[in-house]
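Structural overview for review
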Amino acid sequence: MSVSVVAADRSVCAPLPVLGRDVRVPLVTGGEVDYAALDYAASAPALQRVWDDVAAYAPYYGSVHRGAGYLSQLSTDLFENSRRTIEEFLGCGAEDQVIFTRSTTDSLNLLAAVLPQDTRVFVFETEHHASLLPWEQRTDVAVTYLNAPRTPQQAVDTLEKALAEREPYGPALVCVTGASNVTGELWPVRELAAAAHAHGARIVLDAAQLVPHHPVDLAELDVDWVAFSGHKLYAPFGAGVLAGRADWLQDAAPYLAGGGASRKVSRRPDGGVDVEWHTTAARHEAGSPNVIGAYAIASACRALSEAGFEGLIAREQALITRVREGLAEVPEVNVLSLFGEDAARVGVLSFVVEGWNSSHFAAALSAEYGIGVRDGLFCAHPLVRTLLGSEPQEPGECGAPDSAPGERSLNAIRVSFGAGTPDEHVERFLRAVKELVTDGARWNYRTEGGRCVPAV
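Residues numbered from 1 in each chain as written. Predicted model: local features only at pLDDT ≥ 70, side-chain atom pairs only at ≥ 80, totals over all residues. Heavy atoms only, no water.

**Section: the overall build of the chain**
The helix and strand tally for the chain stands at 13 helices and 19 strands. Seen through its C-alpha atoms, the chain measures out along the principal axes to roughly 80 × 55 × 50 Å. By residue count, 53% of the 456 residues in the chain fall in the buried class. The contacts of the chain with a sequence gap of at least 6 include a subset with a gap of at least 24, amounting to 72%. By element, 50% of the accessible surface of the chain is carried by carbon and sulfur atoms, the whole surface being about 19,200 Å². Of the side-chain charges in the chain, 37 are positive and 58 negative, and the distance between the mean point of each set is 4 Å. (Helix = DSSP H or I, 4+ residues; strand = E, 2+ residues; numbered from the N terminus. Buried < 20%, exposed > 50% of the residue type's maximum accessible area, 1.4 Å probe, protein only. Contact = heavy atoms within 4.5 Å. Areas by Shrake-Rupley, 256 points an atom, 1.4 Å probe, with all protein chains shown as cover. Lys, Arg positive; Asp, Glu negative; His and termini not counted. Charge placed at Lys NZ, Arg CZ, Asp CG, Glu CD.)

**Things to note about the pattern of salt bridges**
Pairs can form between side chains of opposite charge once their charged atoms are near each other. In this structure the tally under the stated criterion is 25 salt bridges. The closest approach of N and O atoms between R83 and E285, which form a salt bridge, is 2.9 Å. Linking R83 in helix α2 (residues 70–90) with E285 in the loop between β12 (273–277) and α9 (291–307), this pair joins segments that are 202 residues apart in sequence. Among the ionic pairs, D274 bridges to R268, the shortest N-O distance being 3.1 Å. Residue D274 is classed as partly exposed on the basis of its relative accessible area, which comes to 37%. Three or more residues are tied together by salt bridges with common partners; here these are R202, D224, R245 and D247. (Salt bridge = Lys/Arg side-chain N within 4 Å of Asp/Glu carboxyl O.)

**Things to note about the sheet that holds strand β9 (residues 225–229)**
Pairing in this open sheet of seven strands is mixed, and the strands run β4-β10-β9-β8-β7-β5-β6 from one edge to the other. Every other strand in the sheet has two partners, leaving β4 (97–101) and β6 (142–146) as the edge strands with one partner each. When the angles between neighbouring strand axes are averaged without regard to direction, this sheet yields 20°. Summarising the sheet, β4 and strand β10 (residues 240–244) pair through five bridges and their orientation is antiparallel. Residue pairing for β10: T101 is matched across the bridge by G240. The sheet contacts of helix α6 (residues 189–198) involve β5 (120–124), β7 (172–177) and β8 (202–206), and relative to β8 the element is tilted by about 155°. (Pairing = 2+ DSSP bridges. Axes fitted to C-alpha atoms, helices over the stretch in contact; angles between N-to-C directions.)

**What to know about the sheet that holds strand β16 (residues 374–376)**
An order of β13-β14-β17-β16 is seen for the four strands of this open sheet, with the pairing classed as antiparallel. The sheet is open, and its two borders are formed by β13 (333–335) and β16, each paired with just one other strand. Direction aside, neighbouring strands of the sheet carry axes that sit 30° apart on average. Where helix α11 (residues 358–369) meets the sheet, it contacts β14 (348–353), β16 and β17 (412–416), and its direction lies at approximately 115° from that of β14.

**Digging into the pairing of β17**
Counting buried positions along β17 yields five of five residues, so the element is predominantly enclosed. Along β17, one buried face is formed by A412, R414 and S416 and the opposite face, lined by I413 and V415, is buried too. Here β14 pairs with β17 via four bridges, running antiparallel. Across the sheet, the residue bridging to V348 is S416, located in β17. Note that β16 and β17 share three bridges and pair antiparallel. Within β17, the position partnered with R374 by the bridge is R414.

Okay, structure coming up:
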């Protein structure tokens, strides 16, 4: 595999302090319990270190770039130093650019906007919608959707074949995830990058689910761009990153037109306007930037690097092993997988429970045990539908999603965890799964707004 997994018995560290670790939530059966946040794949809780850094900066908040005041200059230095921290974290080269965006979705839409005309994009149907859909917005770009592979080698072979058959031969881009947001499985990024480059294509890595769990180095993985979000990386909401090659970014029109992206604007004799755009990252960062968001991402990068990925990975692998072994003890539970039980993965697992609608099960975990998981199709509808193609569901149960005429209702449950997850949260989750399967829910539930909620 492209991303090595540290053995679970080496340098295991304690959970990193995160916000919300002491939050108490009510149970419908009475009393309160510490909230077990097991939905890291959607949004990881902010590291306490990141929050403290942001709070320390807040009194010095000021506008960035071109401001003469002390706070403006300080904020500008902090913003640009954050960019350099992220460049170092990602192993960027001297010619690479780090562009601050709103999210992974925004980063990939930015890349889609700067593709040369007539680019052909190759993307597996297994991608999150953030990396599956942006390319369709360009009418002058062709998209080839590749079927879900069932082994890492099949993924490489499928891409090799598609690239070799492309006509006409011109600019091409491969988009691939580093770790699935549904199964947590690691993809063969280096091998896919080698296949792309051998056929004259470029590759962008959706690292939203990879970068919180493993080091991501552009040179080592041999990818042209990487995209990720701060809120997956233990930073507060609102900022993301697109990092990598500068040429297509410099050659394209700015993603947004406005102040900050322009170096010089002048009136023409005919009444129009001439604009000289920046060629640096500022070209695609028009408007007042999210300084706090950029600083929070940089703080998270420093915190994870200083904690040491080896220990973080080792502990997470121990948690993964515990969750998988615990779920395997419940015959009614079926864990979803593309690449098989032995596939390397991060702390993301999706499953279904025989005899339960997934929304009902997730609601019971929350209301009766104080456990937060995710249910549904996880913004990866083609992948989850492929994985659930033969799974039994109960379409009439509480919270069952709507389905098209002739289709069955499909959804799954996802549990995800990371650097801040205590052992107790995992043990409570496994205990809750066994009790719900054995004894059933202790409360009545109803559908409200398309979701399953406790009946009052």
